Amino acid sequence: MALPLIPINVLTEHSDELYLNPQFQKFFEQSANSLVIKADAPHFTVLAVSDQFLRLTGLKRGEVLGKDLFTILTLGINDPEICVAARAAAAQSMLKRTRVEWPDFSYIQVDYTEAGKLQYCRNYFEPIYGNDGIVTHLLNTTVDVTEAVSNAIEAKAAIQKLVDSEAGIRRMVNEAPVGMCILKNDPPFVEEINDYFVRLIGKPYDLLFKKSYWEVNPELEEMYKPIISSVFETGETYHARGRAVPLVRNGKEEVVYIDFVFHLMAGYDGIRNAILIIANDVTEQYQGHRNLENAYEQLRLSKQAAQLGTFDMDMATNEMLWDERTRLLFGITHDGPVDYLRDFVHGLHDEDRGRVLRIISDLIHNRIEDGRYDVEYRTISQQDGSVRWVRAIGKLYFDDHGKPFRFIGSVLDITDQKLDEQRKNDFIGMVSHELKTPLTSMLAYQQLLQKKLLKDGGDEFARVALAKSNQQIRKMTTMINGFLNISHLESGKIQLKKETFDLRVLLEELMEDFRMITSTHELILKACDHPMLYADREKISSVISNLISNAIKYSPQGKVILVSCNADQEHVEVQIKDEGMGIKTEDQAKLFQRFYRIATSHRENISGFGIGLYLSKEIVERHEGKIWVESEAAKGSTFSFSLPAQK
């Protein structure tokens with residue numbers, strides 16, 4: 001006996017994309033069904049059409065696909081009541097979620113060369129719906145019953161032949177983009193199976209085809225035999241999503257996650273003796289979903305443990321999303337949407353607001369590499385005026401046209417850390433200040449002894465010893481001054497005493513000083529105009545002195561130290577280039593951190609605490625400038641900084 005037509009409404013997990021898929025269109029063209037229609041009443045748009053329908057109506061595929069069903073039908077049906085009945089049948093099929101036939105009708109076949117042929121047809125709608133019970137599509141089948149008008153027996157045989165085409169079934173099963181298997185009778189044996197299903201089950205085709213399903217898959221019998229028996233008895237389709245299915249695949253026990261459907265197949269004769277299984281392996285999607293859930297949970301726990309707040313800003317609309325922790329860190333008391341100006345800008349400490357807004361402006365105008373945002377600042381609570389230190393880390397994302405569209409990141413409370421640093425800086429400042437006073441006295445006594453030796457003509461050993469002692473005292477004084485500067489800098493006590501001065505003159509003075517105390521290197525000042533700066537002359541002098549001193553310390557004797565400057569209308573830039581040992585790329589990013597020193601055997605005997613470059617960076621940035629290094633190991637380094645030019 002021939003098998004009945006596959007009901008496409010078993011594919012409940014797919015939307016229009018399945019029916020518009022070229023592969024689906026290809027095998028549907030060969031099917032006995034006529035149309036797949038979108039349930040978008042009152043239009044009922046045609047998504048797929050079979051060759052049989054086109055032969056029956058004389059229409060072309062382009063005249064049918066994407067068109068209103070009832071617009072198509074009126075091309076060959078002259079009776080308006082039939083069209084009304086057809087529309088009512090479609091609506092009833094959607095409403096009752098069942099197959100609905102409408103009265104037999106006559107149809108004049110469209111013929112572009114001569115008068116159309118009169119035919120008689122029978123038509124019905126079948127609903128396609130999902131697990132939620134909502135009908136999304138209709139399967140429409142039109143059967144040519146012209147001969148049956150005069151001979152009811154022949155008509156019944158013709159309809160049965162069209163509907164129960166086994167060749168059509170096998171073609172659709174084999175070409176389907178998902179796993180398909182037809183089980184016949186109860187207990188079932190495998191009547192038809194496609195390659196996808198064979199791979200899914202993990203057993204050879206010859207072992208499955210025409211064999212008892214439970215004998216071949218004993219691991220499935222206990223769980224699924226009652227379900228399949230129930231489908232045979234009740235006729236109700238069984239759906240499962242992401243079900244963990246234990247299988248013995250290629251001799252190994254595995255758990256595979258599968259979306260599947262068991263659907264009873266029945267013909268016009270009412271015999272229900274076959275079940276269609278449609279299955280799709282979703283193991284990768286399931287594992288990906290689980291991994292994503294685990295990642296979200298780890299992120300949530302990490303965020304909770306670190307007491308991180310998060311922010312997300314739509315740059316096009318200025319809409320800001322802050323979680324509860326970020327709201328707390330800014331002391332926001334209202335429950336409404338976060339406002340950029342009211343909640344963020346006004347929530348910044350007065351002394352930090354300008355600096356933070358300049359950094360954000362640089363981000364927006366793509367002046368910061370890779371859109372990275374890492375800044376520390378103070379917030380003022382709107383609730384009680386309390387001050388918190390926070391560290392905000394984030395990234396600004398740009399679209400393909402270079403426009404910023406999203407700014408996301410996290411906020412961490414670092415108040416305790418800042419208080420600890422303040423106490424440490426206060427201690428360093430106090431100790432440094434206490435050490436500075438006796439050192440100043442020692443230096444004065446040393447100078448008096450040197451003058452007395454020169455006057456009295458003392459021995460050479462005493463003169464050399466005093467000179468070296470004097471040099472060591474100066475080194476200690478320099479280091480103590482550095483610690484004091486850090487203490488003042490981080491406590492906010494350091495002040496910039498800006499004045500207008502000639503950078504060329506300052507460079508010449510410093511070069512002259514270094515030439516007097518350095519005989520091991522050749523110091524060269526390249527041609528430099530006389531750019532004018534409005535800055536703290538003493539502190540800019542200390543930056544240049546530190547960079548030249550480092551170039552001397554980290555370069556072999558006899559090498560050249562090249563100092564240069566250049567200027568344009570916006571900036572003045574100073575460069576100090578040496579021919580020393582160079583700096584590895586991985587060390588360059590940390591070079592300007594406080595107390596950071598590169599740990600290599602070449603640098604073990606070079607004195608210093610790693611505060612000079614940190615102080616230089618802070619001084620330059622306080623002048624709204626920037627400092628950087630370009631270096632290659634064993635080939636020397638070039639330290640540069642730029643400052644705004646005087647307008």
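As a starting point, this report considers the structure included with it.

### Thoughts on the overall build of the protein
- Of regular secondary structure, the protein possesses 21 helices and 22 strands.
- Residue burial in the protein is summarised as follows: out of 647 residues, 43% are buried.
- Of the contacts formed within the protein by residues at least 6 apart in sequence, a portion of 55% connects residues at least 24 apart.
- In the form shown here, the protein has an accessible surface area of approximately 35,500 Å², with 53% of it arising from carbon and sulfur atoms.

### Brief notes about the sheet that holds strand β17 (residues 522–525)
- Taking strand neighbours across the sheet as the criterion, the five strands line up as β17-β19-β20-β22-β21 in an open arrangement whose pairing is mixed. At either end of the open sheet lies a strand with only one pairing partner, and these are β17 and β21 (626–631). Sheet twist, expressed as the mean angle between neighbouring strand axes with direction ignored, is 15 degrees.
- Bridge count for strand β20 (residues 571–577) against strand β22 (residues 637–644) is seven bridges, and the pairing is antiparallel. Counterpart to H571 in the pairing with β22 is P644.
- The strands touched by helix α18 (residues 503–517) within the sheet are β17, β19 (560–567) and β20, with β17 carrying the most contacts at an inclination of about 170 degrees.

### Structural notes on the pattern of salt bridges
- This structure, assessed with the given rule, holds 20 salt bridges.
- Put simply, D350 and R353 hold a salt bridge, and the shortest N to O gap is 3.0 Å. Placement of both D350 and R353 in helix α15 (residues 350–364) is noted, with a separation of three residues, approximately one turn of the helix.
- For D350, a relative accessible area of 62% translates into the label exposed.
- Residue R353 is classed as partly exposed on the basis of its relative accessible area of 21%.
- Among the ionic pairs, E508 bridges to R504, the shortest N-O distance being 2.8 Å. Taken together, the residues E508 and R504, both in helix α18 and four residues apart, mark about one turn of the helix.
- The class of E508 is partly exposed, set by a relative accessible area of 35%.
- With relative accessibility at 19%, the residue R504 sits in the buried group.
- Each of E351, D352, R355 and R378 takes part in a single network of salt bridges with overlapping partners.

### Here's the deal with the pairing of strand β6 (residues 179–184)
- The element β6 is extensively covered by neighbouring structure, given that six of its six residues are classed as buried.
- Where burial is concerned, the two faces of β6 agree: the one with G179, C181 and L183 and the one with M180, I182 and K184 are both buried.
- As paired strands, β6 and strand β7 (residues 189–193) are joined by four bridges and run antiparallel to one another. Following the sheet pairing, L183 is matched in β7 by V190.
- What sits between β6 and β7 in their antiparallel hairpin is a turn of four residues, with N185 showing a positive phi close to 70 degrees.

### Observations concerning the sheet that holds strand β11 (residues 308–314)
- The five strands are arranged β12-β11-β15-β14-β13 in an open sheet whose pairing can be described as antiparallel. For this open sheet the edge positions go to β12 (319–322) and β13 (372–380), each flanked by a neighbour on one side alone. On average, each strand axis in the sheet is tilted by 20 degrees relative to the strand beside it, whichever way the strands run.
- Where β13 meets strand β14 (residues 387–398), nine bridges bridge the pair, whose relative direction is antiparallel.

Parameters at a glance
- Residues numbered from 1 in each chain as written.
- Predicted model: local features only at pLDDT ≥ 70, side-chain atom pairs only at ≥ 80, totals over all residues.
- Heavy atoms only, no water.
- Helix = DSSP H or I, 4+ residues; strand = E, 2+ residues; numbered from the N terminus.
- Buried < 20%, exposed > 50% of the residue type's maximum accessible area, 1.4 Å probe, protein only.
- Contact = heavy atoms within 4.5 Å.
- Areas by Shrake-Rupley, 256 points an atom, 1.4 Å probe, with all protein chains shown as cover.
- Pairing = 2+ DSSP bridges.
- Axes fitted to C-alpha atoms, helices over the stretch in contact; angles between N-to-C directions.
- Salt bridge = Lys/Arg side-chain N within 4 Å of Asp/Glu carboxyl O.

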